[in-house]
Amino acid sequence: MLGLHKQWKAAQNDNSCQTRDKENVIHLRYLKPRNLVASLSRFVAHPYNDFCHLENLSANYKQINEFRRVRPADSEKDASSSTKRQRGMKSYDGIILGGGHNGLILQAYLSRAGVTTVCLEQHDKLGGGLTTVEKPLESGFFHNTHSFYHRGITHSPWYRDLQLEENGACYIEPELNVAMVCSDGPLLEWWTDFSSTYASFAEVSPVDADKLQFWRNEFRPIVEKFLSPEALAPPLPPDERKRQLASSSLGRRLLEVSALSPLKFVQQEFVHPQVRAALLFFNGLREVDLRLPGFGHHIPALLAADRYAQICKGGSGALAEALEKVIRKHGGEIRTKTKPQRIHIENGRATGVETDDGEFLRATRFVASSLNPQQTFLGLIDQQHLPTAWLSAARNFQYNLIAPLFSLNLNLKEAPTYAASQETPQLQQALMVILGLDSSEQFSEIVQHHERGTIPPTVMWGSCPSQFDPSQAPPESHTAFMWEKLPYRLNGNPLEWDEQKKQHGKKMLEAWKLRAPNLEHAVLDSFVQSPLDTERRLPNMVGGDLLVGSFDNNQIGYHRPFIGAGHYRGHLDALYLCGSSCHPGGNVTGLPAYNCAQVLLADLGLKHPSAQ
């Protein structure tokens, strides 16, 4: 503690030692020595705080290593915390870290199985990306500030097992699911009825429409036999998976197509530039890097899967509320505004969690983390308890370059009316509208801009939720939004977003008005959210990465989040992983938690509800 005390004393005389982020200012000169450890931990955990002019500390969480040098050892902490533990320590079968949808789904399964649990969520609301906010307050205008499109949720086994529809999570699936407005020519449309999708593509390119039908038919048995079961179970080791697939003609076909990148697959199989662009966007760019080999199967698989974009009535937050209702109904405890400070380890086993206010909660059977691997292994566990290989793998965990989103949100007097709907009136029925995309060559340009930290020509997509769910706006009014893929490090520095985001929002709105001229007089209010804002609100999404980890760097399947950690167990006994950094990855699928529940319940000697 002597080193910390010296730092505190030095900080008393250094007014510059504070963050440049005005929303997260910490004046170290006001801290008492006994509070400095907890304060520094909160400070370092935020990736934009400048500790004595050290900028951009979020890169691979190097700042955590610096902090570790001045953290007290386990023995010191155990001694200093013993009094706190004796003061009414609570005990549970298990503790779950993070109240996003994966943490809640896991807790719901465990609670239904009779396991006593507590979920610790640092924010005042549950759900993570399942966030629906009213802006302005008491205005009746509701916005989904992160997650909105939920693909095929009602077909998910956890949605059925947990009886979420009966608990208030009801979904809408518009028939015209997606429409891409091209600069010239007809719309490209995805309908829940594939024959209508085929007809739309045939108007643009009959040969490509036939290819669409071919690949849908080709991959339907592959999805049914391999891809769907793989997503709903803990992954196999790569060699074992390859051996099993190679033993059948369908499996060999999957391996053959998977070897390609999505970009290579589309260039090889389709010819029209707008068709190529549409397939790469809808079935690729929103989820994976289009250049990555090993993902060529994504596009035909999504064509064959019959899983379409759905929206939750009342906003995406209603799904979190339904999960909370199930948890509490079965005795689970949830604590918001409670930040985990440290996972306690005894004899190589996770035995509890200390919170940032000094409370110790004991876990008699397990601790499960839905946080990213750097938060879990570098931020919450003392390094002496982990092998060097695990620490190195966590430090080197990579995030997606092109995943961050910028959003423009509008309160409207009337819904957007697209000029193209004069010739194609069905456009007004589309759930998702894509604007500014005409050629697959634009994707290379988007990637280059992300690499340089510059803003590409506008390609955006979005919805008017209140057209399908009137509860999300006042009577005769609407809410709408557009998303755009933009770089996290704007001009090399994410903090530039604080200066530039409003201006960019205005540019987006002007581009939107060109397609929907009535927005000129329909806008009542607006706000924007940058990739930096995303990370501030959801710190597990480093760099604004909504997938919480790249699929490059071998971070896929049995090796997700990294080699050795792909089976939902965290090296230490009784430590489990259930977040989007696990197989099969990010977005609101709930499958990392669903699969973790299978592993954890089996380890506890209990049956998973889907197996009953």
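This structure is a prediction, so every number in the text was calculated from the model and none was measured. Residue indices follow the written sequence of each chain, beginning from 1 at its first position. Owing to the predicted nature of the model, reporting of local features is limited to residues with pLDDT of at least 70; listing and counting of side-chain atom pairs is limited to 80 or more, with chain, interface and lining totals taken over all residues. Hydrogens and waters are ignored; side-chain quantities use all the structure's heavy atoms.

Caption draft 1: Expanded view of the overall build of the protein chain. Secondary structure elements follow DSSP: runs of H or I no shorter than four residues count as helices, runs of E no shorter than two count as strands, and numbering proceeds from the N terminus. Each helix and strand in the protein chain was counted, giving 21 helices and 19 strands. Under the scheme applied here, a residue whose accessible area is under 20% of the maximum for its type counts as buried, over 50% as exposed, and between as partly exposed, the area being computed with a 1.4 Å probe on protein chains only. The buried share of the protein chain, taken over its 612 residues, is 58%. Residue contacts are counted whenever heavy atoms from the two residues lie within 4.5 Å of one another. Across the protein chain, the fraction of contacts at a sequence separation of at least 24, relative to all contacts at a separation of at least 6, is 71%. Surface accessibility of the protein chain: about 24600 Å² in total, with carbon and sulfur atoms responsible for 50%. Note on areas: Shrake-Rupley with a 1.4 Å probe; residue coverage comes only from the protein chains shown.

Caption draft 2: Geometry of the sheet that holds strand β16 (residues 460-463). A sheet is described by the order of its strands in space; here seven strands give the open sequence β8-β7-β15-β16-β17-β14-β18, paired in mixed fashion. Single-partner strands in this sheet number two, and they are β8 (188-191) and β18 (523-529). For this sheet, the mean inter-axis angle between neighbouring strands, taken without regard to orientation, is 15 degrees. By definition, two strands form a pair when at least two bridges between them are found by DSSP. Where helices are involved, their axes are fitted lines through C-alpha atoms of the stretch in contact, as for all axes, and angles between N-to-C directions lie from 0 to 180°.

Caption draft 3: Structural view of empty space enclosed by the protein. With a 1 Å grid spanning the protein atoms alone, the term cavity applies to any set of points in which a 1.4 Å probe fits but cannot get out, the term pocket to an open set with protein on both sides within 12 Å along at least five of seven lines, and the term lining residue to any residue with an atom within 4 Å of a point. Grid points are joined across faces, edges and corners, and a volume is the space filled by probe spheres set on the points. In total, this model carries eight cavities of 30 Å³ or more according to the counting rule given. Within this model, the largest cavity holds a volume of roughly 150 Å³. Residue lining of the largest cavity: 13 residues in total, with W190, F282, L302, L303 and Y308 positioned closest to the centre. Elements with a contribution of two residues or more to the lining of the largest cavity: β8, α7 (194-204), α12 (273-285) and α13 (298-304). Across the lining of the largest cavity, the residue classes break down as seven nonpolar, two polar and four charged. Ten residue types, Ala, Val, Leu, Ile, Met, Phe, Trp, Tyr, Cys and Pro, are classed as nonpolar, four, Asp, Glu, Lys and Arg, as charged, and the remainder, Gly among them, as polar.

Caption draft 4: Inspection of the packing of helix α5 (residues 101-112) against helix α21 (residues 591-603) at higher detail. One way to put it is that α5 packs onto α21 with a least axis distance of 8 Å and a crossing angle of 35 degrees. Between α5 and α21 the crossing geometry is right-handed. Together, N102, I105, L106, Y109 and L110 of α5 and L591, P592, A593, Y594, C596, A597, L600 and L601 of α21 make up the contact between the two elements. Of the residues that constitute the contact of α5 with α21, the class distribution is 12 nonpolar, one polar and no charged. Handedness of a crossing is defined here by the sense of rotation of the near helix relative to the far one, left-handed for an anticlockwise turn of less than a right angle and right-handed for a clockwise turn.

Caption draft 5: Examining the pairing of strand β13 (residues 360-369) more closely. Burial analysis of β13 places seven of its 10 residues in the buried class, which makes it a mostly covered element. Pairing geometry for strand β12 (residues 349-355) and β13, over three bridges, is antiparallel. Looking at the pairing, G352 lines up with R362 of β13. The antiparallel pairing of β12 with β13 creates a hairpin that spans four residues between the two strands, and G358 there sits at a positive phi of about 95 degrees.

Caption draft 6: Local environment of the sheet that holds strand β5 (residues 150-151). Read from one edge of the open sheet, three strands run β5-β9-β6, paired in antiparallel fashion. Each edge of the open sheet carries a strand with a single partner, namely β5 and β6 (171-172). Pairing between β6 and strand β9 (residues 309-312): two bridges, direction antiparallel. Bridge pairing links Y171 to C312 in β9.

Caption draft 7: The arrangement of the environment of P293 in detail. Tracing the chain through its elements places P293 in the loop between α12 and α13. Overall, the relative accessible area of 56% leaves P293 in the exposed class. Sequence-wise, P293 and P262 are 31 residues apart; in three dimensions their C-alpha atoms are separated by 7.4 Å. Aside from chain neighbours lying at most four places away, what touches P293 is S258, A259, L260 and S261.

Caption draft 8: Molecular detail of the nonpolar core. In terms of nonpolar packing, the biggest core is built from 71 residues, with L106, W158, L164 and L319 touching the most fellow members. Looking at this core element by element, the count peaks at eight residues for α21. The residues contacting L106, other than those within four sequence positions of it, are I96, A368, C578, A593, C596, A597 and L600. In this description, a nonpolar core means a group of buried Ala, Val, Leu, Ile, Met, Phe, Trp, Tyr and Cys residues linked to one another through side-chain atoms lying within 4.5 Å. Counting residues in hydrophobic clusters, the runner-up holds 62 residues, among them F194, F219, L260 and A277.

Caption draft 9: Broad picture of the pattern of salt bridges. Think of a salt bridge as a Lys or Arg side-chain nitrogen and an Asp or Glu carboxyl oxygen that are within 4 Å of each other. Applying the stated rule across the entire model yields 23 salt bridges. Between E333 and K90 there is a salt bridge, with the nearest N and O atoms lying 3.2 Å from each other. A residue pair is termed long-range when its members are at least 10 positions apart, and E333 in strand β10 (residues 333-335) and K90 in strand β1 (residues 90-97) qualify at 243 residues. Across the pair E333 and R335 runs a salt bridge, and its minimum N-O distance is 3.1 Å. Judged by its relative accessible area of 17%, R335 is buried. Beyond isolated ion pairs, a larger network of salt bridges with shared partners links K90, E333, R335 and E359.

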